[in-house]
Amino acid sequence: MRIAQLSHLADPALCPRLVIKVGSALLVGKDGQPRRAWLTALVAEIAAARAAGQQVIVVSSGAIALGARKLGLAKGGRGSLADAQASASVGQIALAGLWAELLAGHGITAAQILLTLEDLEDRRRYLNVTATLGRLLAAGAVPVINENDSVATQEIRFGDNDRLAARVGQAAAAQGVLLLSDIDGLYDRDPRQAGAVRIPVVQGVTAEIHAMATGGSSSGLGSGGMTSKLQAAEIAEMAGMALAIIDGQPGSPIATAFNATRGTLFLPRRRHTARKAWLGGRLRMRGTVSVDAGAAAALARGSSLLAAGVIAISGDFARGDAVAVIGPDGQTLARGLAEYDAAEAARLLGHPSSAHEAILGYAPRSALIHRDQMVLL
Ligand code: GLU
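Criteria and cut-off values
- The written sequence of each chain sets the order in which its residues are numbered from 1.
- With pLDDT at 70 or above as the cut-off, local features in this predicted model cover only qualifying residues; side-chain atom pairs require 80 or more to be listed or tallied, and sums for whole chains, interfaces and linings still use all residues.
- Heavy atoms throughout the structure, all of them, feed into the side-chain values; hydrogens and water do not.
- UniProt positions are given in the numbering used here, feature names are shortened, and annotations may be inferred rather than shown by experiment.
- Helix and strand assignments come from DSSP, with helices taken as H or I runs of at least 4 residues and strands as E runs of at least 2, each series counted from the N terminus.
- Whether a residue is buried, partly exposed or exposed follows from its accessible area with a 1.4 Å probe, protein chains only, as a fraction of its type maximum: under 20%, in between, or over 50%, in that order.
- Contact definition: two residues touch when any of their heavy atoms are within 4.5 Å.
- In protein, a polar contact means a hydrogen-donor-capable atom and an acceptor-capable atom, both N or O and within 3.5 Å, with residues adjacent in sequence counting only if both atoms are side-chain atoms; elsewhere, any N or O pair within 3.5 Å suffices.
- Only buried residues count toward a nonpolar core, which is a set of Ala, Val, Leu, Ile, Met, Phe, Trp, Tyr and Cys residues joined through side-chain atoms within 4.5 Å.
- Should DSSP find at least two bridges between two strands, the strands are taken to pair.
- The span you would expect from a helix comes to 1.5 Å times its residue count less one.

- For the chain, an unreviewed UniProt entry supplies the name Glutamate 5-kinase and the organism Novosphingobium pokkalii.
- UniProt's Pathway (unreviewed entry) comment on the chain is quoted here verbatim: "Amino-acid biosynthesis; L-proline biosynthesis; L-glutamate 5-semialdehyde from L-glutamate: step 1/2."
- The chain has a UniProt comment under Sequence similarities (unreviewed entry) that states "Belongs to the glutamate 5-kinase family."

**A look at unusual backbone geometry**
Here comes step 1: Unusually for a residue other than glycine, Ser252 sits at a positive phi of about 45°.
Here comes step 2: Mapped onto the fold, Ser252 is located in the loop between strand 7 (242-247) and helix 10 (253-260).
Here comes step 3: Although it is not a glycine, Thr261 adopts a positive phi angle of roughly 45°.
Here comes step 4: Among the secondary structure elements, Thr261 is positioned in the loop between helix 10 and strand 8 (264-266).
Here comes step 5: Given the relative accessible area of 51%, Thr261 is considered exposed.

**With respect to the UniProt feature "binding site: substrate" (unreviewed entry) in the chain**
Here comes step 1: As annotated by UniProt and renumbered to match this structure, "binding site: substrate" (unreviewed entry) occupies Ser61, Asp149 and Asn161. Spatially, the listed residues are clustered: although they cover 101 residues, their C-alpha atoms lie within 10.7 Å of one another.
Here comes step 2: Relative to the helices and strands, Asp149 resides in the loop between strand 4 (142-147) and helix 7 (161-171).
Here comes step 3: Given a relative accessible area of 8%, Asp149 falls into the buried group.
Here comes step 4: In contact with Asp149, not counting residues within four places along its chain, are Ile64, Gln85, Ala88 and Arg157.
Here comes step 5: Its place among the elements puts Asn161 in helix 7.
Here comes step 6: Setting aside residues no more than four positions away along its own chain, Asn161 makes contact with Lys21, Val59, Ser60, Ser61, Asn146 and Glu147.
Here comes step 7: A polar contact is formed between the side chain of Asn161 and the backbone oxygen of Ser60, at a distance of 3.4 Å.

**Observations regarding the UniProt feature "binding site: ATP" (unreviewed entry) in the chain**
Here comes step 1: Per the UniProt annotation, the sites labelled "binding site: ATP" (unreviewed entry) are Lys21, Ser181, Asp182, Ser223, Gly224, Gly225, Met226, Thr227, Ser228 and Lys229.
Here comes step 2: If you trace the backbone, Asp182 turns up in the loop between strand 5 (176-181) and strand 6 (201-202).
Here comes step 3: The exposure class of Asp182 is partly exposed, given its relative accessible area of 28%.
Here comes step 4: Only 3.3 Å separates the side chain of Asp182 from the side chain of Ser181, close enough to count as a polar contact.
Here comes step 5: Within the secondary structure layout, Ser228 lies in helix 9 (residues 225-238).

**Things to note about the nonpolar core**
Considering soluble globular proteins, one finds that nonpolar side chains tend to be buried as a cluster.
Here comes step 1: Ile145, Leu186, Leu243 and Phe266 are the most contacted members of the largest nonpolar core, which totals 50 residues.
Here comes step 2: The leading source of residues in this core is helix 9, at 7 residues.
Here comes step 3: Apart from residues no more than four positions distant in its own chain, Ile145 is found in contact with Ile57, Val58, Val59, Ser60, Ile113, Leu115, Leu133, Leu164 and Val168.
Here comes step 4: Within the second largest apolar cluster, 44 residues are counted, among which are Val58, Ala63, Ala84 and Leu98.

**Brief notes about the pairing of strand 9 (residues 287-291)**
Where a strand is regular, its side chains alternate between the two sheet faces.
Here comes step 1: Counting buried residues along strand 9, 4 of its 5 residues qualify, which places the element largely inside the surrounding structure.
Here comes step 2: In this structure, strand 9 lies alongside strand 10 (residues 310-315), joined through 5 bridges in antiparallel fashion. When the sheet's bridge partners are listed, Val289 is paired in strand 10 with Ile313.

**Structural notes on helix 9**
Since there are 3.6 residues in each turn of an α-helix, residues three or four apart along the chain are aligned in direction.
Here comes step 1: Here helix 9 is 14 residues long and its end C-alpha atoms lie 21 Å apart, about the 20 Å a rise of 1.5 Å per residue gives.
Here comes step 2: Turning to helix 9, its buried residues number three or more, namely Gly225, Met226, Ser228, Lys229, Leu230, Ala232, Ala233, Ile235, Ala236, Glu237 and Met238.
Here comes step 3: Gly240 sits one or two residues past helix 9 and shows a positive phi near 75°.

**Here we look at the environment of Gly248**
Here comes step 1: Mapped onto the secondary structure, Gly248 falls in the loop between strand 7 and helix 10.
Here comes step 2: Separated by 66 residues in the primary sequence, Gly248 and Asp182 place their C-alpha atoms 6.0 Å from one another.
Here comes step 3: Contacts of Gly248, omitting those with residues within four sequence positions, involve Leu26, Trp38, Leu180, Ser181 and Pro253.

This is how it looks when you write it as structure tokens:
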């Protein structure tokens, strides 16, 4: 049986490994101080889950908000990238200390891991993260993860812990990701509008679902908002994980939401091989390959991408880099690893495979992107 309802995320048989993401506004009060009483209750829930046989990984925000107060920086430390980075480096100490102290109250060892986006985009580093998480969990620790905000630069950072949580879940081969938010799920329109209805279960993050999401964080403390939560849900569903958004605000938020079946559950959609799921969840592409309708149809049938069906390429990708495949309507159809670098691919585009050896001067590869190295979206 697979995870089909919210409370299944608490069932160690259906969800032996769960990622719990805690947003900044839950951890840090408006006064910039940690919300200890609330966190103490959450840690008790985590300890109970562990005692029931569930392995838990925490993805915790709050470093920037905590550090900003200590440094006396305005706008919760989010006035500039430099402010955020300085705040994070100060706040992370307090944040990790808090988790370590409260988990220790239940005899649980906390383990801190600070990740950058690149750590999870590079296959080798990703596998190292996988191994470390597995070892920590087997040894009984609770990993507490945050983005390494102090060193991550603007263009290569997650910026929100929602997608980080999904990527971490994927790296850990978790069955579920639970996002504790300041709202109890996805609504069919801006939840402040009259008549807005919460969607209890989502089967596939379609364009229609995306249209329901509204902009940034309502608390002003975090950076997520519903948009990044839906992106996290997309990563999760591709990795075969369930993801839920619940209201984290009540004391003991997990039991409260699960008992009332109050939240939004995104069902796992397809289970790719581990490698393809990693590829599909990658956030940075080195380039794009635009294809004609014939090639788009061939991809949908499971074929490799041949240069003959490519009409344009962009980006300075090298052989082995991840590229996005764009269909005639501008939609991203697939992601894959290029068999050629951008300059070689540019020379081949539009030409049938039979002409490639003459163009390149050497024996060509069987495709521009081989189907084994491609994931359809
Ligand atoms: N990593 C950031 C922090 O610890 C939070 C990112 C987010 O708001 O999701 O403050």
